[in-house]
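Observations on chain architecture
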Amino acid sequence: MALLEIKNLHVCVGDKEILKGLTLTIEQGTVHAIMGPNGSGKSTLSNVIAGNPVYEVTEGEILFKGKNLLALKTDERANEGVFLGFQYPIEIPGVSYATFLKQALSCKRKYLGETPLDPVQFIKRLKIRAQALGVSDDMLKRSVNVGFSGGEKKRLETLQMAFLEPDFCILDEMDSGLDVDALRVVGQGVGIMREKCRSFMLITHYQRLLDYIEPDIVHIMINGKIVASGDKLLALRVEEKGYACYK
Amino acid sequence: MAQKEIENIIDASYKYGFETDVETETAPKGLSEEVIRFISTEKKEPKWLLDFRLKAYNHWLSLKEPQWAKIKYPPIDYQSLYYYTVPKKKKNLKSLDEVDPEILKTYEKLGIPLQEQKALAGVVAVDAVFDSVSVATTYQKHLAEKGIIFCSMSEAVQNHPELIKKYLGSVVPYTDNFFACLNSAVFSDGSFVFIPKSVKCPMELSSYFRINARHSGQFERTLIIAEEGSYVSYLEGCTAPQRDENQLHAAVVEIVVLKNAEVKYSTVQNWYPGDKNGVGGIYNFVTKRGLCHDYAKLSWTQVETGSAITWKYPSCVLLGDHSVGEFYSVALTNNYQQADTGTKMLHLGKNTRSTIVSKGISAGYSNQTYRGLVKMSKNALNGRNFSRCDSLLIGNKCGAHTIPVLINENKTAQVEHEATTSRISEEQLFYCEQRGVNPEDAVSLIVNGFCKEVMQQLPMEFAIEAGKLIGISLEGSIG
């Protein structure tokens, strides 16, 4: 079953059209990689799915679990199960990761009509996830994204993903600026989360990340459209020959 | 769009805006020697206190309302106010059972327990001031066992005149400023605290001020005396009904911290701020000051979310050597609120230290100013001050201003000042919302994070309440 269906999506920032009729279907339980050169619209795509208000959808539709995703607000999309791992995670001074995730989870439970969060259970669950990804208790007490290295930030983005258990995870250039160890953590996070009902969309410049997360399908995106799709070999071919032949 | 959302979230809904229907007795409208005599007679005051009031009144007549603050309001007609309003009651209440049940209900609605057995398991003693008088003080007996006096100012005048005579006006003289002078002439009630030598007060002491009557001002006066080596933590809360008129509140707080003593004074000020168009709300002109002797410490913590106008500079006079002053402040203004607030740290003794942390959040069309004075006098050998003033702007129609004055007359003293101004960014909101947090909660989360350092200074029960209050005050600033 399709988890996400994007049909003929056109998106503008200001007067400039960035996505120019993009169509993409992501089945449940699959990992898709989207590769493309700078400025091809990869980050725009991930932001539009997540509901970043900077981008304006001028045409087309996005269905998530059969629902019209574009009619939902950003937080509603998140609570329906859309997660975006940020390329540049945003600082929130004075708010600890623990507080932040507690707020996020209690909003989600409220949205889904579930019973309120039990604080003891919350801490337990958070610590289990944190341990698995090598995040210390001390890090959880520090302010969200303040004063962390690039690698630590991505590790903590991965933790948030693992903790919130979304159905659809977008990782927007999570590999940029990461050393091998940090890449491995991201790969490990995705690895433990790979399930029948959960899908991933990896946005990346390089084939490198795909050494740690094996994709089911690779798409090449050029100038606001998907121009080629294939298996992992496609990524290797691009790595070798560049994007020139698709332009 | 996100910016607009933020603006809509800050539409404050004021849940303390109800009115209590009680019969009241008032002094004649307006201000005159006759009215002051009336108040003094009603309260059966000794002559020296009446003289104090009259001296203050005559001095006040020679004063002009100060104009230096960055606030705007139509002229206040001091003759159209009632200076003394009390709920009608039987003479001499013997127990809480005799307090008008309507008033008890009011405090219950406000979440302030006046029945001791219902109070927070004995951690907070409360003095409740309703319009011009104190209606109840809890746990007095329990505290008296340790020699602690916690009662209304009126009771203190009757029962401990020697202390009042010695200390009233000793930190804030009636000549201090226009509003303090007015207060000295007409103050009606307030709280009195006395902690004897070497006693650590075993519970938080708390006053709860409520303005109820129409066209009435509230002029309470608080006096705290911490004797040598003693400690007390004191909390103050305030609310008022929602009305379309502006009401005047001009209080004075005086604190005497003797050698080696420590006083922690926390305020959560939530007077009615006016509606979203700036109609109504309390004019809050308050003078708060403490005098620290050798090795004494005074710490002010304030969370200011209410009032149409706030004019307030809780200050420390660091007279004694090695004394310490602290000021931690969160001021949140929304809609058309105006706040001009800050502190004064006057370093007179040697090796005195002070810390100022001020967090201002402006939303809507509001304006706020941090105004601070740090003065190292000639004798302030090795004095140290550190100040930080951070402003957070929500939306693009509000204003934040910082006016720090630093005077250093001693070469060995050091004064440091840091300031930042920032804005809740769309990126921060998007990040929170992407994690499933709705815009209202996201703003509240970000603002609470911004104020964390100050909120941590509040006693636990208060900190949680204050955190929620900030969320409520921000309602409608996004949406």
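1. Regarding the overall build of chain B
When helices and strands are tallied, chain B shows 11 helices and 24 strands. Residues classed as buried in chain B amount to 63% of the 479 residues present. Within chain B, counting contacts between residues at least 6 apart in sequence, those at least 24 apart form 84% of the total. Roughly 18200 Å² of accessible area belongs to chain B as shown, and the carbon and sulfur atoms make up 50% of that amount.

2. Looking at the overall build of chain A
Across its full length, chain A carries 8 helices and 12 strands. Look at the contacts in chain A between residues 6 or more apart in sequence, and 70% of them connect residues 24 or more apart.

3. Some points on the sheet that holds strand 6 (residues 82-85) of chain A
All names here are of chain A. One open sheet holds the 6 strands; their spatial order is 6-9-10-3-11-12, and the pairing between them is mixed. Each of the sheet's edge strands pairs with one partner strand only, and the pair in question is strand 6 and strand 12 (225-230). The sheet shows a mean angle of 20° between the axes of neighbouring strands, direction not considered. Where strand 11 (residues 217-222) lies against strand 12, 5 bridges are found, and the strand directions are antiparallel.

4. Some points on unusual backbone geometry
Unlike most non-glycine residues, Asn145 of chain A shows phi in positive territory, near 60°. When you line up the elements, Asn145 of chain A lands in the loop between strand 8 (143-144) and helix 6 (150-164). Given the relative accessible area of 0%, Asn145 of chain A is considered buried. Phi is positive for Asn335 of chain B, close to 50°, though the residue is something other than glycine.

5. Quick word on the interface of chain A and chain B
Opposite the 31 residues of chain A that make contact, chain B presents 21 residues. Taken over both partners, the interface formed by chain A and chain B buries close to 2100 Å², and the fraction arising from carbon and sulfur atoms is 67%. In this structure, the connection of chain A to chain B is made through 1 salt bridge. Viewed at the interface, chain B and chain A are joined by 11 residue pairs in polar contact (both at pLDDT 80 or more). Of all elements in the fold, only helix 1 (42-50), helix 2 (74-80), strand 6, strand 7 (92-96), helix 3 (97-111) and helix 6 of chain A reach the threshold of two or more residues within the side of chain A that touches chain B. Counting residues per element, the side of chain A that touches chain B draws most heavily on helix 3 of chain A, at 5 residues.

6. Description of the confidence of the model for chain B
All names here are of chain B. For chain B, per-residue confidence averages 85 on the pLDDT scale, and 81% of positions sit at 70 or higher. Ignoring residues within four places in sequence, the model shows residues 1-12, a span with pLDDT below 50, making 65 contacts including any to other chains. Note that pLDDT drops below 50 for residues 117-122; the model gives that stretch 7 contacts with residues more than four away or on any other chain.

7. What about the nonpolar core?
Of all hydrophobic cores here, the largest spans 111 residues; its most connected members are Ile49 and Met201 of chain A together with Val447 of chain B. When residues of this core are assigned to their parent elements, the largest contribution, 9 residues, is made by helix 10 (residues 439-455) of chain B. Other than its neighbours up to four places away in sequence, Ile49 of chain A contacts Leu4, Ile6, Ile62, Leu69, Arg77, Val82, Phe168, Ile170 and Met201 of chain A. Counting residues in hydrophobic clusters, the runner-up holds 35 residues, among them Met203, Ala226, Val232 and Ile255 of chain B.

8. Here's the deal with the confidence of the model for chain A
Any segment with low pLDDT has predicted coordinates that should not be analysed in fine detail. Confidence along chain A averages 92 in pLDDT terms, with 100% of residues attaining 70 or more. The secondary structure element of chain A with the lowest average pLDDT is helix 7 (residues 180-193) of chain A, at 85, and the one with the highest is helix 2 of chain A, at 97.

9. Section: the side chain of Gln428 of chain B
Its location among the elements puts Gln428 of chain B in helix 9 (residues 426-434). Using a relative accessible area of 10% as the deciding quantity, one classes Gln428 of chain B as buried.

10. Quick look at the packing of aromatic side chains
The tally for this structure, following the rule as stated, stands at 24 aromatic pairs over all chains. Here the aromatic rings of Tyr234 of chain B and Tyr265 of chain B are separated by 4.9 Å at their centres, their planes lie at 35°, and the arrangement is tilted. In this pair, Tyr234 of chain B sits in strand 9 (residues 231-239) while Tyr265 of chain B sits in strand 12 (residues 262-269), placing the two residues 31 residues apart along the sequence. With respect to class, Tyr234 of chain B is no different from Tyr265 of chain B; both count as buried. Connected via pairs of aromatic rings, a cluster forms that spans Trp60, Trp68, Tyr73, Tyr78, Phe178, Phe179, Tyr283, Phe285, Trp311 and Tyr313 of chain B. One residue, Arg125 of chain A, lies across the ring of Phe163 of chain A, its end atom 4.7 Å from the ring centre. The ring of Phe450 of chain B has Lys359 of chain B lying over it, and the distance from NZ or CZ to the ring centre is 5.1 Å.

11. Quick notes on the packing of helix 3 of chain A against helix 6 of chain A
Residues and elements named next belong to chain A. Contact pair helix 3 / helix 6: the axes reach a minimum separation of 11 Å and the direction vectors enclose 30°. Here helix 3 is positioned roughly parallel relative to helix 6, judged by the angle of their axes. The handedness of the crossing between helix 3 and helix 6 comes out as right-handed. Residues Tyr97, Phe100, Leu101, Ala104, Leu105 and Lys108 of helix 3 form the contact with helix 6, whose own contacting residues are Leu156, Gln160, Phe163 and Leu164. Taken together, the residues of the contact of helix 3 with helix 6 sort by class into 8 nonpolar, 1 polar and 1 charged.

12. Things to note about helix 9 of chain B
Residue and element names in this part refer to chain B. For helix 9, the buried fraction is high: 7 of the 9 residues fall into the buried class. Among the residues making up helix 9, those that are buried are Gln428, Leu429, Phe430, Tyr431, Cys432, Glu433 and Gln434. Where helix 9 ends, the next residue or the one after it, Gly436, has phi of about 100°, a positive value.

13. Considering the environment of Ser184 of chain B
Residue and element names in this part refer to chain B. In this structure, Ser184 sits in helix 8 (residues 178-186). Along the backbone, Ser184 and Ala56 are 128 residues apart, and their C-alpha atoms lie at a distance of 5.9 Å. Apart from the residues within four sequence positions on either side, Ser184 is in contact with Phe52, Arg53, Ala56, Tyr174 and Arg221. Polar contacts involving the side chain of Ser184 include one to the side chain of Arg221, which spans 3.1 Å.

Criteria and thresholds
Sequence positions are assigned chain by chain, starting from 1 and proceeding in written order. Chains carry letters and ligands carry numbers; both start at the beginning, A for chains and 1 for ligands, and go up in the order they are written. With pLDDT at 70 or above as the cut-off, local features in this predicted model cover only qualifying residues; side-chain atom pairs require 80 or more to be listed or tallied, and sums for whole chains, interfaces and linings still use all residues. Side-chain metrics in this entry use all non-hydrogen atoms of the structure; hydrogen atoms and water are not considered. Under the DSSP-based scheme used, a helix requires at least four consecutive residues in state H or I and a strand at least two consecutive residues in state E, with every element numbered from the N terminus. Exposure classes here rest on a 1.4 Å probe applied to the protein chains alone. A residue is buried below 20% of its type maximum, exposed above 50%, and partly exposed in between. The contact criterion used throughout is that any non-hydrogen atoms of two residues lie within 4.5 Å. Per-residue and other accessible areas were derived by the Shrake-Rupley procedure at a 1.4 Å probe size, with only the shown protein chains allowed to occlude residues. Strands are labelled as partners when DSSP assigns at least two bridges between them. Angles shown run from 0 to 180 degrees and are taken between the N-to-C directions of axes, each axis being a line fitted to C-alpha atoms and, for helices, limited to the stretch in contact. Accessible-area loss on putting two parts together, using a 1.4 Å probe and summing over both, is the definition of buried area adopted here. A carboxyl oxygen of Asp or Glu within 4 Å of a side-chain nitrogen of Lys or Arg is what we treat as a salt bridge. Here a polar contact means two N or O atoms within 3.5 Å. Within protein one must be a hydrogen donor candidate and the other an acceptor candidate, and residues neighboring in sequence count only if both atoms are side-chain atoms. Per residue, pLDDT captures the predictor's confidence, and it can take any value from 0 to 100. Each nonpolar core is a collection of buried residues, namely Ala, Val, Leu, Ile, Met, Phe, Trp, Tyr and Cys, held together in the definition by side-chain atoms within 4.5 Å. Stacked, tilted and edge-to-face are the three classes assigned to paired rings of Phe, Tyr and Trp, where Trp is represented by its six-membered ring and a pair needs centres within 6.5 Å; plane angles under 30 degrees give stacked, over 60 edge-to-face, the rest tilted. Criterion for a charge above a ring: Lys NZ or Arg CZ within 6 Å of the ring centre, and within 35 degrees of the ring normal. Orientation is classified from the angle alone, with under 35 degrees giving roughly parallel, over 145 giving roughly antiparallel, 65 to 115 giving roughly perpendicular, and any other angle giving oblique. Here a crossing is taken to be left-handed if its near helix is turned anticlockwise relative to the far helix by less than a right angle, and right-handed if that turn runs clockwise. For this classification, Asp, Glu, Lys and Arg are treated as charged, while Ala, Val, Leu, Ile, Met, Phe, Trp, Tyr, Cys and Pro are nonpolar and the rest, including Gly, are polar.

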